[in-house]
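# Architecture and fold: a report
One letter stands for each residue in the lines below.
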Amino acid sequence: MIRALARPAVRITQRRSASTSATPVVPLQNIETRWATLSAQEQSSVAKHLEQIQAGEWTKMTAEQKKAAYWVAFGPHGARTPLTGPGHSLKVAAGTTAVVGAAGALFLWIRSKGGEKPSTMTKEWQEASNEYARANKINPISGVASEDYKGTGFVSSSKN
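Residues numbered from 1 in each chain as written. Predicted model: local features only at pLDDT ≥ 70, side-chain atom pairs only at ≥ 80, totals over all residues. Heavy atoms only, no water.

A few words on the overall build of the chain. Of regular secondary structure, the chain possesses six helices and zero strands. If you list the helices and strands of the chain from N to C, you get α-α-α-α-α-α. Across the 160 residues of the chain, 15% fall into the buried class. At a minimum sequence separation of 6, the contacts of the chain that also span at least 24 residues come to 35%. Summing over all exposed atoms, the chain offers an accessible surface of approximately 13,100 Å²; the carbon and sulfur share of this is 61%. (Helix = DSSP H or I, 4+ residues; strand = E, 2+ residues; numbered from the N terminus. Buried < 20%, exposed > 50% of the residue type's maximum accessible area, 1.4 Å probe, protein only. Contact = heavy atoms within 4.5 Å. Areas by Shrake-Rupley, 256 points an atom, 1.4 Å probe, with all protein chains shown as cover.)

Here's what the structure looks like:
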């Protein structure tokens, strides 16, 4: 008895699902421009339709079908959507220039607020460091204390 009641309900739902699953095929003209506006179900039906067409002879495919098949397979959509848009390079260049400029301005501001040079940066101190290195034989192989040394030692070329 229960089976007899359940059978008509199953048939009705099968008819409804069969009528709703048979979606009409979307026209393939200008699929590149319309792809983004299609729903996921329509995109899927277009892809399946093109797969069925490609299963046959490719010489019988129209130019629109070939174009649509190429677009669905290799077009810039889904995972192949470009990450950058037009004008992105200009934004990156402007942002980089702004950050480098701000860093330079910060550097100059810090330098202007700094005090006098340390006493170890004077020429007299550096020459005294050379004499100390010679007297204590610091780095006797290739440094200031070595024989035939011709370098400036600890004296830097910076202005006093």
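Once the structure has been displayed, the description carries forward.
Another aspect to go through is helix α3 (residues 40-55). Over its 16 residues, α3 extends 23 Å from the first C-alpha to the last, a length consistent with the 22 Å expected when each residue adds 1.5 Å. Of the positions making up α3, those classed as buried are S45, V46, L50 and I53. For α3, the buried positions fall inside an angular range of 135° around the axis, keeping them on one side. Looking at α3, the residues exposed on the side facing more than 90 degrees away from the buried face are A40, Q41, K48, E51, Q52 and A55. Those residues of α3 hidden inside the fold are in contact with α2 (31-34) and α4 (63-74). (Expected span 1.5 Å × (residues − 1). Arc of directions from axis to C-beta.)

One pair of aromatic rings is described through two measures. These are the centre distance and the angle between the planes. With the rule as written, the count across this model stands at one aromatic pair. Note on Y70 and F74: the rings are 5.2 Å apart at their centroids and 45° apart in plane angle, and the pair reads as tilted. One end of the pair, Y70, and the other, F74, are both in helix α4, four residues apart, so they sit about a helical turn from each other. (Phe/Tyr/Trp six-rings, centres within 6.5 Å; stacked < 30°, edge-to-face > 60°.)

What follows is about unusual backbone geometry. Working note: non-glycine residues mostly have negative phi, and peptide bonds are mostly trans. For N139, which is not glycine, the phi torsion reads 55° and is therefore positive. Its location among the elements puts N139 in the segment after α6 (123-135). The class of N139 is partly exposed, set by a relative accessible area of 42%. For D148, which is not glycine, the phi dihedral falls at a positive 60°.

Counting 13 residues, the largest nonpolar core has I31, W35, V46 and L50 as the members making the most contacts within it. At the level of secondary structure, the elements contributing two or more residues to this core comprise α3 and α4. Sorting elements by how many residues they give to this core places α4 first, with four residues. Once residues lying within four places of it in the same chain are set aside, the contact partners of L50 are L28, Q65, A68, A69 and V72. (Core = buried A, V, L, I, M, F, W, Y, C linked by side-chain atoms within 4.5 Å.)

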